[in-house]
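Chain by chain, the residues:
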Amino acid sequence: MKLTHTKAVFLMVAVTLMWSIAGVITRQLEHARSFEITFWRSFFTVLSLLVILPFFQGRQVFAKIRSGGRALWISGVCWSVMFTAFMVALTLTSVANVLVTMSVGPFLTALMARVFIGYRIPMRTWIAILVAGCGIAYMYAAQMSGGQLAGTLVALCVPLAGAVNWTVVQRSQARGLNIDLVPAVLVGAVISCLTTLPLAMPFQASGHDIGLLALLGLVQLAIPCALSVMCARVLKAPEIALLASLEVIFGILLAWVGADEVPSHTVLAGGALVIGALVVNELVSWRLRA
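This structure is a prediction, so every number in the text was calculated from the model and none was measured.

**Q** Describe the packing of helix α5 (residues 69–92) against helix α10 (residues 183–200), listing the residues and the values that go with them.
**A** Where α5 contacts α10, the axes come no closer than 7 Å and their chain directions differ by 50 degrees. Judged by the angle between their axes, α5 and α10 are oblique. Both α5 and α10 take part in a crossing whose hand is right-handed. Contacts from L72, W73, S75, G76, V77, W79, S80, F83 and T84 in α5 reach P183, A184, V185, V187, G188, A189, I191, S192 and T196 in α10.

Written out as structure tokens, the structure reads:
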């Protein structure tokens, strides 16, 4: 699929919307908890990708995994950390706390892209990151007052791994390496599935839980994660991180409507700053390219 910058932006927004359903669906589970949730979601992600990837790329996708080299395997490990830490964090603290913590991603990604790739980040993007950071800090302070430190620390692993992942993807592109990193999502799901299996025993999930976790594996992970790697071929790493911050807003709203997790006024105010920063950054970018 050949993406223009505009199409990649809208596709990345759709990706964040799919990612954001995890919190509200997790709150509907009956018996599955912690590592069992992670295992089943990763398991169904593997099954989904084993169908999706060969359908779009043919059977050579498995050869790409064998020949992908260090970049593909680093990306795969990053995906596995994100898959695992995100779901475990959701079982330890509120959806809003997890998503707010994940929002430090733009800062980490921008820093890594500047240091390891040498990207000259436009001033408008730095300003957008600063404004979004103010909103994130405002929300984060309110969430931390609840004393949910364990969930926050686990959630912090997600943006750290994400920043490394996007930097690896774009560094490989910048160096002219013809490496398809979409299969890295499959590698990450397999690693997550295998590492959480022993911790998930004995299984307690009901049939209702299995159905919901299968939905997460396909719609919330397999499809959007593969699409996000495609977007990374067109969008710069800091821009991807800013767009991914929309997951905070979508996720909090869905948890509010679908699971009665009412966010505080500080979360709503901070979220408004994040959305504003994203919209202004993209509008200025489009105008400069026009």
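**Q** Describe the packing of aromatic side chains, and please don't skip the residues or the numbers.
**A** Throughout the structure, instances matching the rule amount to 8 aromatic pairs. With centroids separated by 5.1 Å and ring planes inclined at 65 degrees, the aromatic side chains of F39 and W40 adopt a geometry described as edge-to-face. The exposure class of F39 is buried, given its relative accessible area of 7%. Between F39 and F203, the ring centres sit 5.4 Å apart and the planes meet at 20 degrees, which makes this aromatic pair stacked. Here F203 lies in the loop between α10 and α11 (207–231) and F39 lies in helix α3 (residues 34–57), a separation of 164 residues in the sequence. Members of the aromatic cluster, joined through ring pairs, are F39, W40, F43, F44 and F203.

**Q** Go over the packing of helix α6 (residues 95–102) against helix α13 (residues 246–259), please, and point to the residues and values.
**A** At a closest axis distance of 9 Å, the pairing of α6 and α13 adopts a crossing angle of 180 degrees. Judged by the angle between their axes, α6 and α13 are roughly antiparallel. Along its contact with α6, which presents V95, A96, L99, V100 and M102, the element α13 presents E247, V248, G251, I252 and A255. Of the residues contributing to the contact of α6 with α13, the split by class is 8 nonpolar, 1 polar and 1 charged.

**Q** Can you break down α6 residue by residue, with the values?
**A** The buried count for α6 comes to 8 of 8 residues, which makes it a mostly enclosed element. Those residues of α6 that fall on the buried side of the exposure criterion are V95, A96, N97, V98, L99, V100, T101 and M102.

**Q** An account of the environment of L242 is needed here, citing residue identities and associated values.
**A** Residue position: L242 is located in helix α12 (residues 237–244). C-alpha of L242 to C-alpha of M102: the two residues are 140 residues apart in sequence and 11 Å apart in space. The contact partners of L242, leaving out residues within four places of it in the chain, are P106, T125, A128, I129, L278 and N281.

**Q** Can you lay out the confidence of the model for the protein chain for me, pointing to particular residues and giving the numbers?
**A** One rule of thumb: low pLDDT means the predicted coordinates there are not for detailed reading. Confidence in the prediction of the protein chain, expressed as mean pLDDT, is 82, and 92% of residues score 70 or more. α12 is the least confidently modelled element of the protein chain, averaging 74 in pLDDT, while α10 averages 91, the highest of any element.

**Q** Pulling in residues and values, what's your account of the nonpolar core?
**A** Judged by nonpolar contacts, the single largest core of 86 residues is most densely connected at M12, W79, F86 and L235. Ranked by residue count, the leading element in this core is α11, at 11 residues. In this structure W79 touches N165, W166, A184, V185, G188, C225, S228 and V229, once residues within four positions along its chain are discounted.

**Q** How would you summarise the side chain of E36 if you had to cite specific residues and measurements?
**A** Mapped onto the secondary structure, E36 falls in helix α3. Despite its burial, E36 pairs with no opposite charge; the closest candidate is R33, at 7.9 Å N-O. For E36, the contacting residues outside a window of four places in its chain are A200, P202, F203, Q204 and A205.

Parameters and conventions
Residues numbered from 1 in each chain as written. Predicted model: local features only at pLDDT ≥ 70, side-chain atom pairs only at ≥ 80, totals over all residues. Heavy atoms only, no water. Axes fitted to C-alpha atoms, helices over the stretch in contact; angles between N-to-C directions. Helix = DSSP H or I, 4+ residues; strand = E, 2+ residues; numbered from the N terminus. Parallel < 35°, antiparallel > 145°, perpendicular 65-115°, else oblique. Left-handed = near helix turned anticlockwise from the far one by under 90°. Contact = heavy atoms within 4.5 Å. Phe/Tyr/Trp six-rings, centres within 6.5 Å; stacked < 30°, edge-to-face > 60°. Buried < 20%, exposed > 50% of the residue type's maximum accessible area, 1.4 Å probe, protein only. Nonpolar A, V, L, I, M, F, W, Y, C, P; charged D, E, K, R; others polar. pLDDT = per-residue confidence, 0-100. Core = buried A, V, L, I, M, F, W, Y, C linked by side-chain atoms within 4.5 Å. Lys, Arg positive; Asp, Glu negative; His and termini not counted. Salt bridge = Lys/Arg side-chain N within 4 Å of Asp/Glu carboxyl O.

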